[in-house]
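Each chain, letter by letter, is given below.
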Amino acid sequence: MKNIAEIRADFPILNTKVYGKPLVYFDNGATTQKPQCVIDTMNEVYTTYNANIHRGVHAISDRASEEYEKAREKVRSFINADKREEIVFTSGTTASINAVAFSFGERFIKKGDEIIISNLEHHANIVPWQMMCDRKGAKLKIIPVNDNGEIIPEEYHKILSAKTRLVAVTQVSNALGTILPVNEIIEAAHAMNIPVLIDGAQGIQHGVTDVEKLDCDFYAFSGHKIYGPTGIGVLYGKEKWLTDMPPYQGGGDMVENVTFEKTTYNELPFKFEAGTMNFPGAIGLGTALDYVLSIGRENIAAREQELLEYAATRLAGIKGLKIYGNSPAKISTISFLLNNIHQYDTGMVLDKLGIAVRTGTHCAQPVMDRFGIDGTVRASMCFYNTKEEINILGTGIEKVISMFS
Ligand code: PLP
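Figured I'd write up the structure that's included with this text. Keep in mind that this is a model prediction, so the values were computed, not measured.

Scanning all chains against the criterion turns up 25 salt bridges. Two residues, K70 and E67, come together in a salt bridge whose shortest N-O distance is 3.3 Å. Of this pair, K70 and E67 both sit in helix 3 (residues 59–79), three residues apart, which is roughly one turn of the helix. Of the residues examined, K70 reaches a relative accessible area of 39% and is grouped as partly exposed. By relative accessible area, which is 15% here, E67 ends up buried. Across the pair R76 and E73 runs a salt bridge whose closest N-O atoms are separated by 2.9 Å. Remark: E73 and R76 occur in helix 3; sequence separation between them is three residues, near one turn of the helix. One network of salt bridges, with partners in common, ties together E69, R72, R84, E85 and E273.

Spelled out as structure tokens, the structure:
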């Protein structure tokens, strides 16, 4: 494995200074930074073969189409899906979940049906289901969360019923960092023939995700959270579902034949890719996945766990700091509040010290409500962060406390 200096050298933005101080980037849960190879790939697309895909008969259109399909194969292999037909490019996790909520909803949901989500969900895995429930007269059921920020499995088993049509849960909580027991969730749902969607926005970048082994029915993730470009994402769906689901957007490329009397749809996965797709983004995502594989997903997970332990120990010594999300199964994210100090004040002072953290509800308002708070400060670390940066954060937090006390 590359050493930390070599890894950091791959990410040009990590040399940035803010307010004259070295950038300490702890907002990786919101978006990750891009290695030079991804930036170079995007540059190469736009400078040497930018042309619309699947349409031209000319050389650079062929090249763009070929690279786009190669990227699909890279995604397939990365998550170990069975077939390339099961990999749909979207604009991100939000778009992927909305696609399922609309399309699966149209085909399979009727009045009185139930959809199960958890109390830990990002708004992207809440609102599309609420919209679908409104359209169809279905009901949303919620798996509650304990004081550690973990879902309560017994409560899940209680609400899983013959009325349940779909379970949609996150792999990892973006707000608290909790890793959910998705294997057990899927197993219990499948025992009752209920399909499961996994929101992988915070899971894909922190370890090995194998959709065959998981046996999930749908899996959604965003390129920008796994060191790839913004505006590209993936929806994995088992072929049997995608075949039965209607397209959710109409337009170019998703059709086979169009007349005013009748339109027939393209084969999978193109049936779900209407209009000009973000092919430079998809190609850039392919490079990002190659990069992650070159570092090694197990290596990334191990290094991030080391950072999490170090940060937990460093911050545990700070009086007045309370961590939200204390599950032993956690990614390298620490969500916290300081005694009587508003999270925005903390975030603003840390910013002046060059430290980028996220403050607020993290688009997960229901879990904030669960803990009776209106937000937290979130430091989300990844493998290019260092223990020195954690020390800078620790010192910065101590400064915030002394300023406001
Ligand atoms: N789901 C989770 C758990 C997330 O953390 C996020 C983004 O933070 C999303 C969904 C939405 O991702 P995007 O905005 O890339 O569509």
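In terms of backbone geometry, most residues other than glycine have negative phi values and most peptide bonds are trans. Geometrically, the link from L268 to P269 is a cis peptide bond, its omega value of 0° lying close to zero. In this fold, P269 is placed in the loop between strand 12 (263–265) and helix 10 (279–295). Non-glycine residue N80 carries a positive phi angle of around 55°. The topology assignment puts N80 in the loop between helix 3 and strand 4 (87–90). Residue classification places N80 among the partly exposed residues on the basis of a relative accessible area of 32%. Although it is not a glycine, N340 adopts a positive phi angle of roughly 55°.

Alternating residues of strand 8 (residues 196–199) divide into V196 and I198 and L197 and D199, and every residue in both groups is buried. Pairing of strand 7 (residues 164–170) with strand 8, which is carried by four bridges, proceeds in the parallel orientation. Counterpart to V167 in the pairing with strand 8 is V196. Taking the sense of rotation as the criterion, the β-α-β connection linking strand 7, helix 7 (residues 182–190) and strand 8 turns out right-handed. Examined bridge by bridge, strand 8 and strand 9 (residues 218–222) share three bridges and lie parallel to one another. When the sheet's bridge partners are listed, L197 is paired in strand 9 with F218.

Our focus in this paragraph is the sheet that holds strand 13 (residues 321–324). Spatial ordering of the open sheet is given by 13-14-17-16, a layout of four strands whose pairing is antiparallel. Each edge of the open sheet carries a strand with a single partner, namely strand 13 and strand 16 (358–360). Ignoring strand direction, the axes of neighbouring strands in this sheet form an average angle of 30°. Alignment of strand 13 against strand 14 (residues 333–338), held across four bridges, turns out to be antiparallel. Bridge assignment links I323 to a residue of strand 14, and that residue is F336. Across the sheet, helix 12 (residues 343–352) lies against strand 14, strand 16 and strand 17 (376–380), angled at about 160° from strand 16, the strand it touches most.

The rules behind each value
Residues numbered from 1 in each chain as written. Predicted model: local features only at pLDDT ≥ 70, side-chain atom pairs only at ≥ 80, totals over all residues. Heavy atoms only, no water. Salt bridge = Lys/Arg side-chain N within 4 Å of Asp/Glu carboxyl O. Helix = DSSP H or I, 4+ residues; strand = E, 2+ residues; numbered from the N terminus. Buried < 20%, exposed > 50% of the residue type's maximum accessible area, 1.4 Å probe, protein only. Pairing = 2+ DSSP bridges. Right-handed = clockwise from strand over helix to strand, strands pointing away. Axes fitted to C-alpha atoms, helices over the stretch in contact; angles between N-to-C directions. Contact = heavy atoms within 4.5 Å.

Purely spatial values, then, with no claim about function.
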